[in-house]
Amino acid sequence: YENTDIINAVDFWLFTNIAQLFDSAIDNSLMFHNIFYTRKKYKDGYKFMFTPWDLECSWGCFIFCRANSPKGNLVMLTSPVYSLLSKEDDNIINIINDRYNYLRKHYWNEEFINPILDEYENEVFNSGAYIREQKRWPEGTYIKDPEAKLTDFRKYVKERLEGMDLFMVEFN
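As the structure is a prediction and not an experimental result, all values here were calculated from the model.

(A) Main features of the environment of Ala 129. Within the fold, Ala 129 resides in helix α5 (residues 129-136). Each residue touching Ala 129, except ones within four places of it in the same chain, is listed here: Glu 123 and Val 124.

(B) Structural context of the packing of aromatic side chains. For the structure shown, the criterion picks out six aromatic pairs. Summarising the aromatic geometry, the rings of Phe 125 and Tyr 130 are spaced 4.7 Å apart at their centres and angled 25° between planes, so their arrangement reads as stacked. Just as Phe 125 is buried, Tyr 130 falls in that class too. One aromatic cluster in this structure is built from Tyr 102, Tyr 107 and Phe 112. In this arrangement the basic side chain of Arg 39 is found over the ring face of Tyr 46, its NZ or CZ atom lying 3.9 Å from the centre. Above the ring of Tyr 42, the side-chain terminus of Lys 47 is found at 5.9 Å from the ring centroid.

(C) Spatial organisation of the confidence of the model for the protein chain. Summing up the model confidence of the protein chain, the mean pLDDT is 81 and the portion of residues at 70 or higher is 76%. Counting contacts from residues 62-68, a segment whose pLDDT is below 50, to residues more than four positions away or on other chains yields 16 contacts.

(D) Molecular detail of the packing of helix α4 (residues 110-126) against helix α6 (residues 151-171). Relative orientation of the contacting elements α4 and α6 amounts to 160°, with a least axis distance of 11 Å. Relative to α6, the element α4 is oriented roughly antiparallel. Seen along the crossing, α4 lies across α6 with a hand that is right-handed. Facing Glu 110, Ile 113, Asn 114, Leu 117, Asp 118 and Glu 121 of α4, the residues of α6 in contact are Thr 151, Phe 153, Arg 154, Val 157, Lys 158 and Leu 161.

(E) Molecular detail of a nonpolar patch on the surface. Nonpolar side chains collect at one region of the surface, where Tyr 102, Tyr 107, Phe 112 and Ile 116 lie side by side and expose about 370 Å² of accessible area between them. Its location among the elements puts Tyr 107 in the loop between α3 (90-106) and α4. For Tyr 107, a relative accessible area of 36% translates into the label partly exposed.

(F) Local environment of the side chain of Asn 17. Mapping Asn 17 onto the fold places it in helix α1 (residues 6-18). A distance of 3.0 Å separates a polar atom in the side chain of Asn 17 from the backbone oxygen of Trp 13.

(G) Spotlight on α6. If you check α6, its first and last C-alpha atoms are 30 Å apart, about what 21 residues at 1.5 Å a residue would give, namely 30 Å. Of all the positions in α6, only Tyr 156, Val 157, Arg 160, Leu 161, Gly 163, Met 164, Phe 167 and Met 168 are classed as buried. Taken around the axis of α6, the buried residues stretch over an arc of 170°, which confines them to a single face. Facing away from the buried side of α6 by over 90 degrees, the exposed positions are Lys 155, Val 169 and Glu 170. Summarising the contacts, the buried residues of α6 are in contact with α1, α3 and α4.

(H) Quick peek at unusual backbone geometry. With phi around 55°, Glu 88 is a residue other than glycine that occupies positive phi space. With respect to the helices and strands, Glu 88 occurs in the loop between α2 (80-86) and α3. The phi dihedral of Lys 149 is positive, around 55°, even though this residue is not glycine. Tracing the chain through its elements places Lys 149 in the loop between α5 and α6. Taking the relative accessible area as the measure of exposure, Lys 149 reaches 26% and is therefore partly exposed.

(I) Spatial organisation of the pairing of strand β4 (residues 45-51). In this sheet, β4 lies alongside strand β3 (residues 36-42) in antiparallel orientation, the contact comprising seven bridges. Residue pairing across strands places Thr 38 opposite Met 49, the latter belonging to β4. As consecutive antiparallel partners, β3 and β4 are separated by two residues.

Here is what the cut-offs are and how they apply
Residues numbered from 1 in each chain as written. Predicted model: local features only at pLDDT ≥ 70, side-chain atom pairs only at ≥ 80, totals over all residues. Heavy atoms only, no water. Helix = DSSP H or I, 4+ residues; strand = E, 2+ residues; numbered from the N terminus. Contact = heavy atoms within 4.5 Å. Phe/Tyr/Trp six-rings, centres within 6.5 Å; stacked < 30°, edge-to-face > 60°. Buried < 20%, exposed > 50% of the residue type's maximum accessible area, 1.4 Å probe, protein only. Lys NZ or Arg CZ within 6 Å of the ring centre and 35° of its normal. pLDDT = per-residue confidence, 0-100. Axes fitted to C-alpha atoms, helices over the stretch in contact; angles between N-to-C directions. Parallel < 35°, antiparallel > 145°, perpendicular 65-115°, else oblique. Left-handed = near helix turned anticlockwise from the far one by under 90°. Patch = residues over 30% accessible without salt bridge, like charges linked within 9 Å, V, L, I, M, F, W, Y side chains within 5 Å. Areas by Shrake-Rupley, 256 points an atom, 1.4 Å probe, with all protein chains shown as cover. Salt bridge = Lys/Arg side-chain N within 4 Å of Asp/Glu carboxyl O. Polar contact = N/O pair within 3.5 Å; in protein donor to acceptor, adjacent residues only side chain to side chain. Expected span 1.5 Å × (residues − 1). Arc of directions from axis to C-beta. Pairing = 2+ DSSP bridges.

Listed below in structure tokens is the structure:
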């Protein structure tokens, strides 16, 4: 608690779970790389924050990563959150639950996420950018039917949110 921005650590812990950041997990060990720490000055001194980086294999994008279902979850063993959980710190459990409930109510819900996906779908698919990319770099990995746009991804996100809800119920 002294050296870490604990809300940031909880946010990062939740974020790695909901977005399934397998790109940052080494094999099956769940020891993470591609994570940077930022030192931030507070009134009472410096604290460290987690800084996400290199997120291309997330939210079900397993082109080069190990496959998993939208119901899968990670446990970030190198996190201060995990350390506190392993010590059965009740305070961290309360912080996690409060933070998750807040995020799920305000940001991690379909009503908030779908307009963002609509905008992305419009910019990438309806603009022709996806087809141009596919023609320019044909060796890339693309969805089978570009006309489907984000249909499968939207389904994945919905299932991922439900999977995270189940994880949080089991977590408690």
